[in-house]
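Structural description and commentary
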Amino acid sequence: FWNKISWSSKNWLIMGGADQKIYKIKPNGDSLMLLVNTLNNFNPIWNDSGTQFCVQNNTINKVVRYDSEGSPIDTMQQLANQPFSDWGANNKITWGLYTLNVYDINTNSNVNLYTLPPSKGVFLGYFWLNSNEIIWSYSYAIYKTNISTNSTTLLKQTCNSAIYSYPTYDKINNIIIWRKQEETLIDAYNVKSISKIVITDIDCKTETEIIIN
């Protein structure tokens, strides 16, 4: 499958297959179901209630919105789903590689929130902390942006040898799960790279590694 898996509040996982079609499955591996039986579909995400999902379709270069059983509802032209896109309880979707955007489904409008400095890479992940706040990361920092006040706050300064990406927010325990990539210079021609899974609090002050044997 391609990219991350989206987990709904109704206990379904949705994923894009290597065949570019969209599937859902129960977390225990039961009830695999084909939802979208066309090609060029990527980055499916559930809405907060698990009643709808949307998919980037590269044949028509639009995002298509579906109900939970795979029946199309409409298309969203000002939105391009990314691997990190997140559909919040406010019916808004985060998206973008160099500019953090918020697409409002209710008004079919898009707002540009934050643009990364030139030559500083791309976004490595973002998610809705609540209806007003987005936590996001790129190679040099983790930030929190408030869409109601249009303010951005630094949570953690990082560097390109300790990168935090693909965040997942656990709403029950109020923690963030990250992929952390650490790079160490061995000599002039070699770099050692280690990938870890770590847990932080929502302020990114404390960090615990999940040991995988």
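This structure is a prediction, so every number in the text was calculated from the model and none was measured.

Quick look at the overall build of the chain
In terms of regular secondary structure, the chain is built from 0 helices and 20 strands. At 18 Å, the chain has a C-alpha radius of gyration in line with the 17 Å of a compact globule built from 213 residues. With respect to the three principal axes, the spread of C-alpha positions in the chain is 50 × 45 × 35 Å. A total of 213 residues make up the chain; the buried ones form 44% of that total. Considering only contacts in the chain between residues 6 or more positions apart, those separated by 24 or more positions represent 29%. Entry remark: accessible area of the chain is about 11,100 Å², with carbon and sulfur atoms responsible for 50%. Of note, the chain has its 17 positive side-chain charges centred 2 Å away from the centre of its 17 negative side-chain charges.

Brief notes about the nonpolar core
Ranked by size, the top nonpolar core spans 23 residues in total, and within it Met76, Ile93, Tyr126, Ile134 and Trp136 carry the most contacts. Going through the elements one at a time, strand S10 (92-95), strand S11 (99-104), strand S13 (125-128), strand S14 (133-138) and strand S15 (141-146) are the ones with two or more residues in this core. Ignoring anything within four residues of it in the chain, the contact list for isoleucine 134 reads Thr94, Leu100, Val102, Leu113, Tyr126, Phe127, Trp128, Tyr143, Lys144, Thr145 and Ile147. Grouped together as the second largest cluster of nonpolar side chains are 11 residues, Ile135, Tyr169, Trp178 and Cys204 included.

Looking at a nonpolar patch on the surface
Taken together, Ile197, Ile210 and Ile212 make up a surface patch of nonpolar side chains, about 250 Å² in accessible area. Residue placement: isoleucine 212 occurs in the segment after strand S20 (207-210). The exposure class of isoleucine 212 is exposed, given its relative accessible area of 63%.

As for the environment of glutamine 20
Here glutamine 20 shows up in the loop between strand S2 (13-16) and strand S3 (22-25). In this structure glutamine 20 comes out as partly exposed when scored by relative accessible area, which is 22%. Considering only alpha carbons, one finds glutamine 20 and asparagine 40, 20 residues apart in sequence, at a separation of 5.2 Å. Here glutamine 20 is in contact with Thr38, Leu39, Asn40, Asn41 and Phe42, once residues within four sequence places are set aside.

Side note on the sheet that holds S20
In spatial order, the strands read S17-S18-S19-S20; together these 4 strands make up an open sheet with antiparallel pairing. Because the sheet does not close on itself, it has two edges, and the strands there are strand S17 (162-170) and S20. On average, adjacent strands in this sheet sit at an angle of 35° to one another, irrespective of strand direction. Bridge analysis of strand S19 (residues 190-201) against S20 gives 4 bridges, and the strand direction is antiparallel. Pairing of isoleucine 199 across the sheet is with threonine 208, part of S20.

Description of the pattern of salt bridges
A full pass over the atoms with the stated rule returns 9 salt bridges. Linking arginine 65 and aspartate 74 is a salt bridge whose minimum nitrogen-to-oxygen distance equals 2.7 Å. Residue class for aspartate 74 comes out partly exposed when judged on its relative accessible area of 28%. Salt-bridge contacts for lysine 196 lead to glutamate 182; the nearest nitrogen and oxygen are separated by 3.0 Å. Pair noted here: lysine 196 is in strand S19 and glutamate 182 is in strand S18 (residues 175-187), with a separation of 14 residues, a long-range link. Each of Lys180, Glu182, Lys196, Glu207 and Glu209 takes part in one network of salt bridges that share partners.

Concerning empty space enclosed by the protein
Per the stated rule, a full pass over the model turns up 1 cavity of 30 Å³ or more. In terms of lining residues, the largest cavity is bounded by Asn3, Lys4, Asn43, Pro44, Ile45, Gln82, Pro83 and Ser85. Where the lining of the largest cavity is concerned, the elements lending two or more residues are strand S1 (2-7) and strand S5 (41-46). No other element matches S5, which puts 3 residues into the lining of the largest cavity. Residues belonging to the lining of the largest cavity are distributed by class as follows: 3 nonpolar, 4 polar and 1 charged.

Criteria and cut-off values
- Each chain has its residues counted from 1, running along the sequence as written.
- Restriction of local features to residues with pLDDT of at least 70 applies here, the model being predicted, together with a cutoff of 80 or more for giving and counting side-chain atom pairs; totals for whole chains, interfaces and linings are based on all residues.
- Think of the side-chain values as coming from all heavy atoms in the structure, minus any hydrogens and water.
- Helix and strand labels come from DSSP, where a helix needs a run of H or I of at least four residues and a strand needs a run of E of at least two; each type is numbered from the N terminus.
- We compute the radius of gyration over the C-alpha atoms and compare it with the globule rule, which gives 2.2 Å times the number of residues raised to the power 0.38.
- Using a 1.4 Å probe on the protein chains alone, a residue whose accessible area is under 20% of its type maximum counts as buried, one over 50% counts as exposed, and one in between counts as partly exposed.
- Two residues form a contact once any of their heavy atoms are found within 4.5 Å.
- The Shrake-Rupley method, run with a 1.4 Å probe, gives the accessible areas here. Residue values count only the displayed protein chains as cover.
- When charges are counted, Lys and Arg are positive and Asp and Glu negative, with His and the chain ends excluded.
- Working definition for charges: the position is that of NZ of Lys, CZ of Arg, CG of Asp or CD of Glu.
- By convention a nonpolar core is built from buried Ala, Val, Leu, Ile, Met, Phe, Trp, Tyr and Cys residues, the set being connected through side-chain atoms within 4.5 Å.
- Residues enter patches when their relative accessible area tops 30% and they take part in no salt bridge; the joining distance is 9 Å for like charges and 5 Å for the nonpolar side chains Val, Leu, Ile, Met, Phe, Trp and Tyr.
- A carboxyl oxygen of Asp or Glu within 4 Å of a side-chain nitrogen of Lys or Arg is what we treat as a salt bridge.
- Here the rule is simple: two strands pair whenever DSSP picks up at least two bridges between them.
- Axis definition: a line fitted to C-alpha atoms, over the contacting stretch in the case of helices. Angles run 0 to 180 degrees between N-to-C directions.
- Grid spacing is 1 Å over the protein atoms alone, the probe is 1.4 Å, and a cavity is where that probe fits but cannot get out, while a pocket is an open set with protein on both sides within 12 Å along at least five of seven lines and lining residues have an atom within 4 Å of a point.
- Grid points are joined across faces, edges and corners, and a volume is the space filled by probe spheres set on the points.
- Gly is put with the polar residues, along with every residue not named as nonpolar or charged; the nonpolar set is Ala, Val, Leu, Ile, Met, Phe, Trp, Tyr, Cys and Pro, and the charged set is Asp, Glu, Lys and Arg.

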